[in-house]
Amino acid sequence: MKKAVTIGTFDGVHRGHRLVLDTLKREASARGLQPVAITFDRHPLELVAPNRAPGNLMSTERKAEMIRREGVEPLVLPFTEQLRSMRAYEWLDYIHRKYNVELLVAGYDNTFGSDGIDMSIADYKTMGEAIGIEVIAAPEEEGVSSSAVRKAVKGGDIEKAIGLLGHLPEIEGKVLPGFHVGSKIGFPTANLQVAQRMALPATGVYAAVAYIDNSRIGLPAMVNIGYRPTFEGTEKESGHLTVEAHIIGENEELYNKSLRLEFVGRLRDERKFSSVDELIEQLERDREETLLRIKS
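Note that the structure is a prediction, hence the values are computed from the model and not measured. (Residues numbered from 1 in each chain as written. Predicted model: local features only at pLDDT ≥ 70, side-chain atom pairs only at ≥ 80, totals over all residues. Heavy atoms only, no water.)

A. Up close: the pattern of salt bridges. Counted by the stated rule, this structure contains 22 salt bridges. We note a salt bridge from D11 to R150, for which the minimum N-O separation is 3.0 Å. Here the residue D11 occupies a position in the loop between strand 1 (3–7) and helix 1 (15–31), and R150 occupies one in helix 7 (residues 146–154), the gap between them amounting to 139 residues. We classify R150 as buried; its relative accessible area is 8%. Taking the shortest distance from any N to any O, the salt bridge between R62 and E262 comes out at 3.5 Å. (Salt bridge = Lys/Arg side-chain N within 4 Å of Asp/Glu carboxyl O. Helix = DSSP H or I, 4+ residues; strand = E, 2+ residues; numbered from the N terminus. Buried < 20%, exposed > 50% of the residue type's maximum accessible area, 1.4 Å probe, protein only.)

B. Summary view of the packing of aromatic side chains. Going through the model one piece at a time under the given rule, you end up with 5 aromatic pairs. Consider the rings of F40 and F79, whose centres lie 5.5 Å apart with planes at 80 degrees: the pair is edge-to-face. Here F40, found in strand 2 (residues 34–40), pairs with F79, found in the loop between strand 3 (73–77) and helix 4 (81–85); they are 39 residues apart in sequence, far enough to count as distant. Put simply, the rings of W91, Y94 and Y99 pair up and form one aromatic cluster. (Phe/Tyr/Trp six-rings, centres within 6.5 Å; stacked < 30°, edge-to-face > 60°.)

All we've got here are geometric facts, nothing functional implied.
In structure tokens:
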């Protein structure tokens, strides 16, 4: 089937991305084309300049899932050296021949091709005409970008991140054995191994919704991101940044299961308590506030 496409990293699938996807669906429908979002298995900077690559807001699999939820078929391509080296004209010609593309909807800051950094939408339109691809520009959702979302997440400003995304920011990973401290004080936690390139919220305690494996049922959770300062200098000291989630009311064994955490809000800073009893009292308050945040 002939296709209408848009191209981008789509990290976070935020409000700006969804405006592009909505434009793509509308224009594709008017022309009898299938709407497809071409994206990549990693951020291009992970290949081009790994030290400058930003943290990811979600996994490639989740990105594809959320694009599909918008009524657009995702096409995830490996971002390879060969793809990187393609010039803009070569890239347009390639997708025209390989994927039967007849329409390209470009985002306001969309660039592609090894020589495309200084090109404008007019340049792409000219090349498209020569190849057989109609090129149109999508409107801009001003102030909304993956960079702005990352800045909000890394600063712990969950409310701002939600406003930019139009949905809850998230992280995911595999549950690994921890120190079992939480279990001993009545707050068992899942110790989450997060993918190295995922953008983490600032250290602190958060209210979140947890999804175990592929479950669609969200469970309330309180999440601590930090260094567990109360246990500094003891055998329970972490020595590195940890992500620990207490899933309220859940007693299931979670080791080696995948866990996705969607953040509802930030509760407080991480801090060192003078005693374990003082820590427990605070955790009880955190649990109550988490339940209130999620209900609201």
